[in-house]
Amino acid sequence: MTIQANGAELNTPIDTINKLVIAGWTGRNPALVRKHIEELQTIGVKPPSGVPVFYEMSPTVLTTGSEITAVGPATSGEVEFVLFNTAHGVVVAVGSDHTDRWLETVSVHHSKQVCAKPVSARAWPLHLVAAHWDRLVLRSYSTRAGRRRLYQEGAVTGMLAPEFLIERYAQSGGEFAIGTAMYCGTLALQDGIEYGDAFDIELEDPVRQMKLQHHYRIRAVAVAS
């Protein structure tokens, strides 16, 4: 992990991660959690038995690359802040919980494992933003057939704060040990699910006037018969 010249950014340490956790339905506002559950129900996804939910999967799906490959066209991203517990402390990046929406109607856990999980190449030490955490903003854009539109936007207050998510994970029997990464939940959509060709994500810190950003393309391969 190399500290950048401005002293505020690190290389996102995906090579040191041995456990990946995807936290789902992590909203602070129960009404917005229900809204997201209802959005997914429109495409056949069964509601969870309780919230939040923690899905453990292989860290090999983490990528800072600019292109992912998906089987079939029915996949889409979700912007999230991502916590990495490292030997140097906890850092935060911005990621996309890219998900196979067709498979999600069968098994949410399986649908998340089969897709690569893009994440920004840079991260911030959590302590640098902890004091003004609730001022941070998540944003995503989806591009389809050359048309780019705002897909999600909102403050991180839409999700449980890092310390509470880690606490809830511990209560579920998990351990946020060094070498663990956690995707921490997403925002409601601006205008429904879109299966785009490219996805842009960002985490904005208006106090320090900085952003973590990542862009990736989705290469959809045909489903073999």
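Residues numbered from 1 in each chain as written. Predicted model: local features only at pLDDT ≥ 70, side-chain atom pairs only at ≥ 80, totals over all residues. Heavy atoms only, no water.

Concerning the pattern of salt bridges
For the record, the criterion: A pairing counts as a salt bridge when a side-chain nitrogen of Lys or Arg comes within 4 Å of a carboxyl oxygen of Asp or Glu. For the purposes of this entry, the term helix denotes a DSSP run of H or I that reaches at least four residues, the term strand denotes a run of E that reaches at least two, and both are numbered from the N terminus. The classification of residues rests on relative accessible area computed with a 1.4 Å probe and restricted to protein chains. Under 20% of the type maximum is buried, over 50% is exposed, and intermediate values are partly exposed.
Across all of its chains, the model carries 13 salt bridges by this definition. In this structure, Lys 112 and Asp 97 form a salt bridge, with 2.5 Å as the shortest nitrogen-oxygen distance. Within this pair, whereas Lys 112 is found in helix H3 (residues 108-113), its partner Asp 97 is found in the loop between strand E8 (89-96) and strand E9 (99-100), the two being separated by 15 residues in sequence. The burial state of Lys 112 is the same as that of Asp 97; both residues are buried. Put simply, Arg 139, Glu 153, Glu 202, Glu 204 and Lys 211 are held in one network by salt bridges that share partners.

Comments concerning the packing of aromatic side chains
What counts here: Side-chain rings of Phe, Tyr and Trp (the six-membered ring for Trp) are treated as a pair once their centres are within 6.5 Å; stacked means planes under 30 degrees apart, edge-to-face means over 60, and tilted covers the remaining angles. Consider the ring centre and the ring normal. A charge sits over the ring if Lys NZ or Arg CZ is within 6 Å of that centre and within 35 degrees of that normal.
A full pass over the atoms with the stated rule returns four aromatic pairs. Aromatic side chains Phe 54 and Tyr 169 sit 5.1 Å apart centroid to centroid with 50 degrees between the ring planes, which places their arrangement in the tilted category. Of this pair, Phe 54 sits in strand E3 (residues 53-57) while Tyr 169 sits in helix H5 (residues 162-171), and the two are 115 residues apart along the sequence. By relative accessible area, Tyr 169 is classed as buried at 5%. Here Phe 81 and Trp 133 contribute two aromatic rings whose centre-to-centre distance is 4.9 Å and whose plane-to-plane angle is 80 degrees, an arrangement assigned as edge-to-face. With Phe 81 in strand E7 (residues 79-86) and Trp 133 in the loop between helix H4 (126-129) and strand E12 (137-144), this residue pair connects regions lying 52 residues apart in the sequence. For Phe 81, a relative accessible area of 0% translates into the label buried. In this structure Trp 133 comes out as buried when scored by relative accessible area, which is 6%. In textbook terms, an aromatic cluster arises when at least three aromatic residues are bridged by ring pairs, as seen for Tyr 151, Phe 199 and Tyr 216. Looking at Arg 148, its charged tip hangs above the ring of Tyr 141, at a distance of 3.9 Å from the centre. Lying across the ring of Trp 124, Arg 208 places its NZ or CZ 4.6 Å from the centre.

Topic: the sheet that holds strand E5 (residues 67-71)
Backbone hydrogen bonds are what pair the strands of a sheet, in a parallel or an antiparallel way. Our working definition: Following DSSP output, two strands are said to pair if at least two bridges run between them. Helix axes are fitted to C-alpha atoms over the stretch in contact, other axes to C-alpha atoms as well, and angles between N-to-C directions run from 0 to 180 degrees.
Spatially, five strands are ordered E5-E16-E15-E12-E13 in an open sheet, and the strand pairing comes out mixed. The open sheet terminates on both sides in strands that have one partner only, identified here as E5 and strand E13 (147-155). Along the sheet, successive strands turn relative to each other by an average axial angle of 20 degrees, direction set aside.

Focus: the sheet that holds E3
The strand order across the open sheet built from seven strands is E1-E11-E8-E7-E14-E2-E3, with neighbouring strands paired in mixed fashion. Every other strand in the sheet has two partners, leaving strand E1 (10-11) and E3 as the edge strands with one partner each. Relative to strand E14 (residues 180-183), strand E2 (residues 19-24) runs parallel, the two being bridged by four bridges. Looking across to E14, one finds that Val 21 is bridged to Met 182.

A look at the side chain of Ser 76
Put simply, the rule is: In the analysis that follows, any N or O atom pair within 3.5 Å is treated as a polar contact, provided that within protein one partner can donate a hydrogen and the other can accept it, and provided that, for residues neighboring in sequence, both atoms belong to side chains. Pairs of residues are marked as contacts when any of their non-hydrogen atoms sit within 4.5 Å.
Relative to the helices and strands, Ser 76 resides in strand E6 (residues 75-76). Owing to a relative accessible area of 2%, Ser 76 belongs among the buried residues under this scheme. Here the side chain of Ser 76 touches Arg 101 through a polar contact of 2.8 Å, side chain to side chain. When sequence neighbours within four positions are dropped, the list of residues in contact with Ser 76 reads Asp 97, His 98, Thr 99, Arg 101, Tyr 151, Ile 193, Glu 194 and Tyr 195.

So, the confidence of the model for the chain
Heads up, the rule is: The pLDDT score gives, residue by residue, the confidence of the prediction method on a 0 to 100 scale.
The pLDDT averaged across the chain works out to 92; a share of 97% of its residues lies at or above 70. Every residue in residues 1-5 scores below 50 in pLDDT, and together they form 13 contacts with partners more than four places removed in sequence or on other chains.

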